[in-house]
Every structure is written in structure tokens, then in C-alpha cells.
Amino acid sequence: MLIVTGATGHLGSLILNRLLERVPADRIGVSVRDVSKAADLAERGVRVRAGDFTEPDSLKHAFEGAERVLVVSAAIRGGGALTANSAAIDAAREAGAQRILYTSHQAASPMSLFPPQKVHAATEEHLKQQGVPYTALRNGFYASTLGYYIGAALKTGTLAVPQDGPVSWTAHEDLAEAAAFALTEDGALEGVTPPLTAPHTLDFADVADILSRITGRTITRVVMDDNEWTSAAVAGGMPRPAAEFSVTMFAASRNSEFNATNPTLEATIGHPAKTVHEVLEAVLRSR
């Protein structure tokens, strides 16, 4: 059985949909914290069991009969994320999984200025030590993240954020397709993958230009000091920890941590990756 964790999150849900296009539903199992949120999957024939990374004992039943397990990285900030990811990996190994897959990040590094990359790097090291064939999917930076920063720009015509650098913004949909392929195809994307990215890098000045073309009005990129932006974000209602966390992303991008592209994603999915223009058009349609 192919087991997917975190199946009710955005990426996990997309992976499940792609997986259901490739294999029968009765070959798929999901591990979720709240089974009621996966009722639609159960109705489609997917095995749904309760499992929580932060309660490792719950994973034994959730992963029973696993042939391959895809661990979607825990949506937890701080050291708890590594503990949770490691617990899921350990449970997959103990369940007898013949391959363990993990959704990592293109910039995974213990030296990163963006804290999640340190967690991904440590999780990759833990995965390597299990003595089981594995895949660490080094996903490109999620393009949907841009949606958090463009709201004010659409109202004011000014995209005011901290200094940044080029980022290979990549669509969830394409990464989900690659994950489903890796989970179902023997020998696909073994080990730590190259960066799974769209073919271009863009900074926020480029994003402002794209928004201008989509909306038909001029969107101007303005650089703010980190502290100034943090204070403005908090004044606008963002919790201070979230604002300070966001600043680390900008710091890492201007340090060129996300300035990388690779053809592996497009070669894997067999078609061009979605562009930031396409992603932002979808974001604007959903507002």
C-alpha cells in the first residue's frame, strides 16, 4: 500500500488527486490527524486512518501494510518539526516500508538563513540513516506564497516588501505531480533530488511587473527596511512571530539561497511547469 501523510493539507491533497489518477484507490492509504476531514477520500475508496506526527504511537496503525510512505513535512515551526518528521520516518521504517519519501526543499541546508531549511536538512540526514531506500523531494519554493504579499499592492499599486533576491517560484500542482510519480514508479527520483523547480527565477520587482500585466494597472516595487516592514506588518494585523519569520525568507533570498533552477521537474512531469503569471492569475481569480 502507498501511504501519504498530511493528506488534508494543500500539497497533500494535490498529491492524492494525482495519485488516484495513477493507481487504484484501494492501493492508497492516508494518515490524517482528523479522519472526518478525509471523508471524501474514504468515499473514493482510499484507506483513511488517524495518525499524528506528534503522537508517534498513533502511526503504527496508520502505516500498517505500507509498501511506500510519503511523509509530507510537518507544518510546524521550530524544533518540533524535526521531531515530528523524524517520528513519521521512524514509523514508516518500522511498518516495513520499502521506500520512504519526504517533501524537502530546494535550499535545505544547516547554514540557511531561513529556519525551515535547517529542519529539512536535518530531516534528510535522519532519512539517510534509516537503511531504507529513500527519496528527498527538494521542492522549489512554493509560488502560492506570493499570495501573502500582494494584497496591499492590489489596493495601493505599491508592492512594498524587504529587499529580496531571485527565487525559483514553483507551483504546488507541478510538485504534486512529481511526488505522485516518485511514489508510484520504481527507481524514480532516488535519493536527494536536484532542485525541483520551474525554469526561471524571479524577484519581487519581476512579480510587480507581472501583476501590472495581469491587472492592467501599474504596480510599483518599493524596498522597505526589514524592521520597518516588520513593524508595518504587525500594525496591519500580522502576528509578530509570523512577520519575523517572513523576514528570514527575504534574507535568505537576497543571500541567493533560492536562486537555482533545474530541468528535473519538467522532465519528470513531461510538460512545462506553471509560470508565476499563471499562478498569480489563479490567485487573483480566487480573491
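Here we summarise the structure given alongside this text. Bear in mind the structure is a predicted one, so any value in this text is a computation, not a measurement.

## Focus on the overall build of the protein chain
On a plain count of helices and strands, the protein chain comes out with 12 helices and 9 strands. In terms of overall dimensions, the protein chain is globule-like: its C-alpha atoms have a radius of gyration of 19 Å, near the 19 Å expected for 287 residues. Based on the C-alpha atoms only, the size of the protein chain along its principal axes is roughly 55 × 35 × 35 Å. In the protein chain, which comprises 287 residues, the proportion classed as buried is 51%. Across the protein chain, every contact between residues at least 6 apart in sequence was considered, and the portion connecting residues at least 24 apart equals 75%.

## Comments concerning the packing of aromatic side chains
Applying the stated rule across the entire model yields 11 aromatic pairs. Their ring planes at 70° and their centres at 5.2 Å tell us that F141 and W169 sit as a pair that is edge-to-face. Of this pair, F141 sits in the loop between β6 (134-139) and α6 (151-156) while W169 is found in the loop between β7 (158-162) and α7 (172-184), placing the two residues 28 residues apart along the sequence. No difference in accessibility class separates F141 from W169, as the two residues are buried.

## Describing the environment of G147
Tracing the backbone shows G147 in the loop between β6 and α6. Here G147 falls in the buried class, since its relative accessible area comes to 15%. Linking G147 and V283, residues 136 residues apart in sequence, is a C-alpha distance of 6.6 Å. Aside from chain neighbours lying at most four places away, what touches G147 is V283 and R287.

## Some remarks on the pattern of salt bridges
Counted by the stated rule, this structure contains 15 salt bridges. Across the salt bridge formed by E67 and R27, the nearest N and O atoms sit 3.6 Å from each other. Placement of E67 in the loop between α3 (59-62) and β4 (68-71) and of R27 in the loop between α1 (10-20) and β2 (28-32) is noted, with a sequence separation of 40 residues between them. Given a relative accessible area of 33%, R27 falls into the partly exposed group.

## Here we look at unusual backbone geometry
With a phi angle near 50°, L189 is a residue other than glycine that sits in the positive phi range. With respect to the element layout, L189 can be found in the loop between α7 and β8 (191-192). Taking relative accessible area as the criterion, L189 reaches 14% and is therefore assigned buried. Backbone geometry at S256 places phi at a positive 65°, although glycine is not the residue there. In this structure, S256 sits in the loop between α10 (240-254) and α11 (264-269). The class of S256 is partly exposed, set by a relative accessible area of 41%.

## Brief notes about the sheet that holds strand β1 (residues 2-5)
The strand order β3-β2-β1-β4-β5-β6-β8 describes an open sheet built from 7 strands, whose pairing is parallel. Strands with a single pairing partner mark the edges of an open sheet, and in this sheet they are β3 (47-50) and β8. For β1 and β2, the ladder comprises 4 bridges, and the chain directions are parallel. Residue pairing in the sheet places T5 in a bridge with S31 of β2. Running over the sheet, helix α4 (residues 79-94) touches β4 and β5 (99-105) and is turned about 165° from β5. The sheet contacts of helix α5 (residues 115-128) involve β5, β6 and β8, and relative to β5 the element is tilted by about 165°.

## Regarding the side chain of H120
Counting through the fold element by element, H120 comes out in helix α5. For H120, the contacting residues outside a window of four places in its chain are S73, Y102, T103, S104, H105 and A108.

## Structural notes on the packing of helix α9 (residues 226-235) against α10
Packing of α9 against α10 brings their axes to within 9 Å, and their N-to-C directions diverge by 145°. Crossing handedness for the pair α9 and α10: right-handed. Along its contact with α9, which presents D226, W229, T230, A233 and V234, the element α10 presents R240, A243, E244, S246, V247 and R254.

## Topic: α10
Given 3.6 residues to a turn, an α-helix orients residues that are three or four positions apart in the same direction. Compared with an ideal rise of 1.5 Å per residue, which puts 15 residues at 21 Å, α10 spans 21 Å between its outermost C-alpha atoms and is within 8% of the ideal. Contacts made by the buried residues of α10 are with α5, β7, α8 (204-215) and α9. Positive backbone phi, approximately 65°, marks S256, located one or two places after α10.

## Some points on the side chain of S104
Here S104 shows up in strand β5. Filtering out sequence-adjacent residues up to four positions away, S104 remains in contact with H120, E124, A136, L137, R138 and N139.

## Remarks on α4
Taking 1.5 Å per residue, 16 residues should reach 22 Å; α4 reaches 23 Å between its end C-alpha atoms and fits that length. If you follow the buried residues of α4, they end up packed against α3, β4, β5 and α5. One or two steps after α4, the chain reaches G96, where phi turns positive at roughly 90°.

Rules of the game
Residues numbered from 1 in each chain as written. Predicted model: local features only at pLDDT ≥ 70, side-chain atom pairs only at ≥ 80, totals over all residues. Heavy atoms only, no water. Helix = DSSP H or I, 4+ residues; strand = E, 2+ residues; numbered from the N terminus. Rg over C-alpha atoms; globule rule 2.2 N^0.38 Å. Buried < 20%, exposed > 50% of the residue type's maximum accessible area, 1.4 Å probe, protein only. Contact = heavy atoms within 4.5 Å. Phe/Tyr/Trp six-rings, centres within 6.5 Å; stacked < 30°, edge-to-face > 60°. Salt bridge = Lys/Arg side-chain N within 4 Å of Asp/Glu carboxyl O. Pairing = 2+ DSSP bridges. Axes fitted to C-alpha atoms, helices over the stretch in contact; angles between N-to-C directions. Left-handed = near helix turned anticlockwise from the far one by under 90°. Expected span 1.5 Å × (residues − 1).

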